[in-house]
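# Reading the structure
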Amino acid sequence: MIFPSVSFAQTDTAKKLKEVKINTAPIPEVQSIAPLQKISANAFEQYNAFNVADAVRNFSGVNIKDYGGIGGLKTISVRGLSANHTIVLYDGVQLNDAENGQVDLSKFNLQNVQEITLYNGQPPNICQPARSFSAASVLSIKTIKPALSSNKSYLITAGIKGGSFGLFNPYLLWQQRISNNWSFVVNSYLENANGRYKYKNQGDGSDSVRTRTGSDISAQQIDGALYWAKNDSNKFNLHINYYNSDRGLPGAVILYAPPTVASRLWNQDFFVQAGYEHTWNNGFHLLINTKLSKNYLHYLNPVFLNIEGRLDQHFTQREFYQSAALAYRITNNWEVSYAIDASLNDLNTQYNFTPATPFPIPTRFTLLNVLASNYTIGKLHLQGSLLNTNTVESVKIGKAAPSRNIYSPTLMASIQPFEAPNFRLRGFYKSIFRNLTFNDLYYEPVINPNLKPEFTKEFDLGATYSKGLNGFFNYITLTVDAYYNNVTNKIVFIPHDPFNSSVTNAGKADIKGLDVGLKTQANLTQEWKGTLSVNYSYEQAINVTDPASSNYLNQLPYIPKNTLALNAGIDHGHLGVYYNQVLSSQRYYNNNNDSGDNLPGYSISDASIVYRFLTKRIPVMASFEVNNIFNKYYSVIQSYPMPGRSYRISLQITI
Amino acid sequence: MKQIRLNSLFIALALVTILASCHKDKVIPKQDTPIATRAGVYVLNQGGFNSNNSTLTYYDYTTKSLTADLYKTINGTDLGDTGNDAEIYGSKMYIVVNVSNVVDVVNAKTGKLIKQDSLVNNGVGRQPRSVAFYKGNAFITSYDGTVAVMDTASLAITKYITVGRNPEQLVVSNDKLYVANSGGLSFGNPDNTVSVIDLNTLAETKKIPVIANPVTITADSYGHVYVLSLGDFANILPGMTIIDNTTDAVKSQTNLSLGYNIPIAASGDFVYYVTADNKIAVYNAKTQAAAQTNFIIDGTTITTPYAISVDALSGEVFVSDAKDYSSNGTLYAFDKTGKLEYSITTGINPGRITFVNK
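Just so you know, the residues in each chain are numbered from 1, in the order the chain's sequence is written. Starting at A for chains and at 1 for ligands, labels are handed out in the order in which the entities are written. Only residues with pLDDT of at least 70 are given local features in this predicted model, and only at 80 or more are side-chain atom pairs given and counted; all residues enter the totals for whole chains, interfaces and linings.

## Considerations on the overall build of chain B
The line we're drawing: A helix here means a DSSP run of H or I that spans at least four residues, while a strand means a run of E at least two residues long, and both kinds are numbered starting from the N terminus. Here the radius of gyration uses the C-alpha set of atoms, whereas the globule reference equals 2.2 Å times the residue count to the power 0.38. Exposure classification rests on a simple neighbour count of other C-beta atoms within 10 Å of a residue's own: a residue reaching 20 or more is buried, one at 12 or fewer is exposed, and one in between is partly exposed. C-beta atoms are placed from the backbone. Contact between residues is assigned whenever the C-beta positions, reconstructed from backbone atoms, fall within 7 Å.
Looking only at helices and strands, one finds two helices and 30 strands in chain B. Computed over its C-alpha atoms, the radius of gyration of chain B comes to 19 Å, within 12% of the 21 Å expected for a compact globule of 358 residues. Taking the principal axes of the C-alpha coordinates as reference, chain B spans close to 55 × 50 × 45 Å. For chain B, the proportion of its 358 residues judged to be buried stands at 52%. In chain B, of all internal contacts separated by at least 6 residues, the share reaching a separation of at least 24 is 43%.

## Digging into unusual backbone geometry
At Asn48(A), a position not held by glycine, the phi torsion is positive, near 50°. Relative to the helices and strands, Asn48(A) is located in the loop between β1 (36-40) and α2 (52-56). When the 25 C-beta atoms within 10 Å are taken as the criterion, Asn48(A) is described as buried. With a phi close to 50°, Asn122(B) is a non-glycine residue in the positive phi region. Take Asn122(B): there are 5 C-beta atoms within 10 Å of it, and that puts it in the exposed class.

## Comments concerning the confidence of the model for chain B
Residue and element names in this part refer to chain B. Put simply, the rule reads: By definition, pLDDT measures how confident the predictor is in each residue, and it falls between 0 and 100.
Per-residue confidence for chain B gives a mean pLDDT of 90; residues scoring 70 or more make up 90%. Every residue in residues 1-33 scores below 50 in pLDDT, and together they form 19 contacts with partners more than four places removed in sequence or on other chains. Under the prediction, the complex receives an ipTM of 0.88, its pTM being 0.89.

## Things to note about the sheet that holds strand β6 (residues 102-107) of chain B
Pairing between the strands of a sheet comes from backbone hydrogen bonds, and it takes one of two forms, parallel or antiparallel. All names here are of chain B. Counted only if it meets this: Two strands are said to pair when DSSP picks up at least two bridges between them. Think of each axis as a best-fit line through the C-alpha atoms, taken over the contacting stretch in the case of a helix, with angles from 0 to 180 degrees between the N-to-C directions.
The four strands lie next to each other as β4-β5-β6-β7, forming an open sheet whose pairing is antiparallel. Each of the sheet's edge strands pairs with one partner strand only, and the pair in question is β4 (83-89) and β7 (113-118). Sheet twist, expressed as the mean angle between neighbouring strand axes with direction ignored, is 15°.

## Examining the environment of Ser153(A)
Residue and element names in this part refer to chain A. Tracing the backbone shows Ser153 in the loop between β7 (137-143) and β8 (154-163). Counting along the chain gives 24 residues from Ser153 to Arg177, while the straight-line C-alpha distance between them is 4.9 Å. When residues no more than four places from it in sequence are discounted, the contact partners of Ser153 are Leu148, Gln176 and Arg177.

## Overview of the interface of chain A and chain B
The condition is simple: Polar here means any residue outside two lists: the nonpolar Ala, Val, Leu, Ile, Met, Phe, Trp, Tyr, Cys and Pro, and the charged Asp, Glu, Lys and Arg; Gly therefore counts as polar.
Listed as interface residues are 39 residues of chain A and, on the opposing side, 46 residues of chain B. Put simply, the parts of the chain that give the side of chain A that touches chain B at least two residues each are β24 (473-497) and β25 (500-523) of chain A. Counting residues per element, the side of chain A that touches chain B draws most heavily on β24(A), which supplies four residues. Classifying every residue of the side of chain A that touches chain B by side-chain character gives 21 nonpolar, 15 polar and three charged.

## A short note on the sheet that holds strand β27 (residues 317-321) of chain B
Residue and element names in this part refer to chain B. Spatially, four strands are ordered β26-β27-β28-β29 in an open sheet, and the strand pairing comes out antiparallel. Looking at the sheet topology across the chains shown, the edges are occupied by β26 (305-310) and β29 (340-348). Shown here is a sheet whose adjacent strand axes are inclined to one another by a mean of 20°, direction ignored. Here strand β28 (residues 328-334) pairs with β29 via six bridges, running antiparallel. Its bridge partner lying in β29, Thr330 is registered against Thr345.

## Section: the nonpolar core
Short version of the rule: A set of buried Ala, Val, Leu, Ile, Met, Phe, Trp, Tyr and Cys residues, joined through C-beta atoms within 7 Å, is what we mean by a nonpolar core.
With 95 residues, the main nonpolar core has Ile95(B), Phe139(B), Leu170(B), Val227(B), Tyr272(B) and Ile308(B) as its most contacted residues. Once residues lying within four places of it in the same chain are set aside, the contact partners of Leu170(B) are Ser130(B), Ala132(B), Phe139(B), Thr141(B), Val147(B), Leu177(B), Tyr178(B), Val179(B), Ala180(B) and Ile217(B). Listed in part, the 42 residues of the second largest apolar core include Ile33(A), Leu36(A), Leu81(A) and Val93(A).

## A look at the environment of Tyr475(A)
All names here are of chain A. Relative to the assigned elements, Tyr475 resides in strand β24. Under the C-beta neighbour-count criterion, Tyr475 is labelled partly exposed, with 18 such atoms within 10 Å. Separated by 447 residues in the primary sequence, Tyr475 and Pro28 have C-alpha atoms spaced 8.9 Å apart. In contact with Tyr475, other than residues within four places in its own chain, are Ile27, Lys467, Gly468, Leu469, Thr520 and Gln521.

Here it is as structure tokens:
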């Protein structure tokens, strides 16, 4: 308790820095108790990002599993863990998929996104829904909130993007102030693309360049948000979101075979969510969230050699979710919180064929209770939480998975070892219970209610350095984090052939890695600013299931040992030119780690130019992006080739 | 060397004459020349589904050398996706590559590709699965409900015979072709028949009802055709149907404890198959009674028995292990008493074991 005042002075400074409008970009926030990485709306063009998956692919420790093309599935893997270990929050509330636990990040366009943050472990703020404490990492998407004055009560942003893949993507964002307290935002877009792209067919001796077809997309999304705020500490929001899409799933590229007639996927996702937040002067902080959602998925394989001649499956999942969190600041340096989340999920299916066993129609009730605390003592900052997960499952037909009651603790700490606040050390331990999804448990043909849930232990030890500078450089931030993840009962889905697959607990995995991030900005000349961001990750993710197995200590599939993401740009205020480079070392696509199991590494370069100008007093933003400039042919997933060079033009006006 | 060859040829001729005179009407199910000498063994590895990594492992008996993928080594190209069957007829081997929808005809000794036949119907792959031979024709089942007839001289497909749903394995016995119609792609509504094809008219003559979802099939030299069925994973239990190859009547239907992989192989007096507890059960073809619950007597355990082949010459029983379905497998060679002789590493999902003569 020697330097409490110093410590608080520092946090206050940080807060003010964010609020004060200054011409130079603020120093990126890196000195958090656990690693976090953030990208804001103004950097999306800089990173050639079209959707959420593109925006986060440069983060260290992140691998995007990309099946290729504009309509292709894109899921996130953080620090060698499966997509099920990263929960995605949309304005603080989870986009939950009880069916398969993975969120397709290609669904989310960036037009209404203010910022995206990836937290390893959990967010530092402890007044959060209990779900925020439940995953190995949290990807938080924050949408644009209106900040309008009575002078101009509206702000309309309209734009259009087009280019390769036959992309046609108009969008509209309308922000409206209704009164002192009320405002709304409506965001909508259309996305149409034929999805065609060139790829190189390898392995059959032809090495011919072919056209990938069947990955067309037609999607529409509308998001309406209503805001009420008495003041900054008493506010309410209501979101209604509807997403509709019709996509082609071209399937794997199979050697010698004619291109398969593409399967089709229709999604209709609807949710309504409401949040209320109140902060009292007496130290209490309340956060209430409610959500209702219904996700409908229709899958059609138009050419399947069963009696019906096709596979036609409909899945409807519903969720009712209620969360309440209450935090109390006991003293200036001690805050405690309690959060409770209750959710009810069900899944129903409809098939055009007779399944081997009737679908069980599961319903799951999940109750999460979490106690958390933040405590600062001198230069040491501590955060601890204990999460209890309680699930009760029932099925209409067959046998339900057993109830679970699991405690998952987390402990985080950061310390400022020296007098100067620029350098900090941090570390955390987190235990994660990854519940089984409905697909893991009940999907045909083998229904295995005895499957065990996956348990993961996360350890992190890191250092951060952040300094604002007044000379040639404006700032420099450097983060280095070493981590260790230990997974038991790792769940693995193994497709054997079209009608024969299984989900098993494949055993244990040890993942050791290093994430390094550097960010800096410099005044290159009087008018030109340069930014540079470099993220490097090393991941040794090994199979430690069975010492007698030939796979023992082998690298897990689809995890590159080395990845590097570099983004550099120069910016003139009106004009920005940016260069983006992603480098991945070779990966394996099965457990053997031999030459037959090798997916070559790749190095992909993108560039963009953004120009902002006024025409008839209307601000216009135009950008031109080239992805994969050097037209490299590569795959992230075996048999799913990625596109070669592609272009995108955007034009946006703000009224 | 020459001396030995001549001797072998002489003995072969003598044996063939004796055999021919002893069993005038009997058809020997396999084309093995009894005294031929083996050059080695091929293992066709399916690879991972949609991974385009099917491989052909070759183990040479003389040099004791292992070639992980002979097909790629010789031809420079990949075999494709899910090689499901490889059988030798004459000097050629016919490799059926299921998801790639091709049959690769290769030189049986070198692996050199002679011809690749595509089995595609109006732009849609037929999904070929298994191959058998009779009098100069190769018969190839495909999931689209057909048996393709390929002339082994011209290597052209001359006819498609319609059979039941999603036919899997097939066997020639008593001058007839027996085809297991699985219907496995209609998950809750599998087929439950074996088609009988007249090999002279090349037409289906009847369908024999068997336990639902028949997948694997073999024949002994006592006039029996053995069919293993998966059932429907719910109400219909898996089991074995035995068919009399003279009357085509079902002799017996027995429910057995079978798992997902149900390879079966017959040789001499014994029929070998895999049970749900991953053991190799033995059935006596002569006495028509269960003989052993576990053929392996030396304690060797196999995680996922995936294919069985018996070398009729040596009596050795070869069993492959697919392990976790996404790692390289193992081929185990047992002597006729069930003791492990040696094991070699294969590719992923070793689904077919075939012996090649010198």
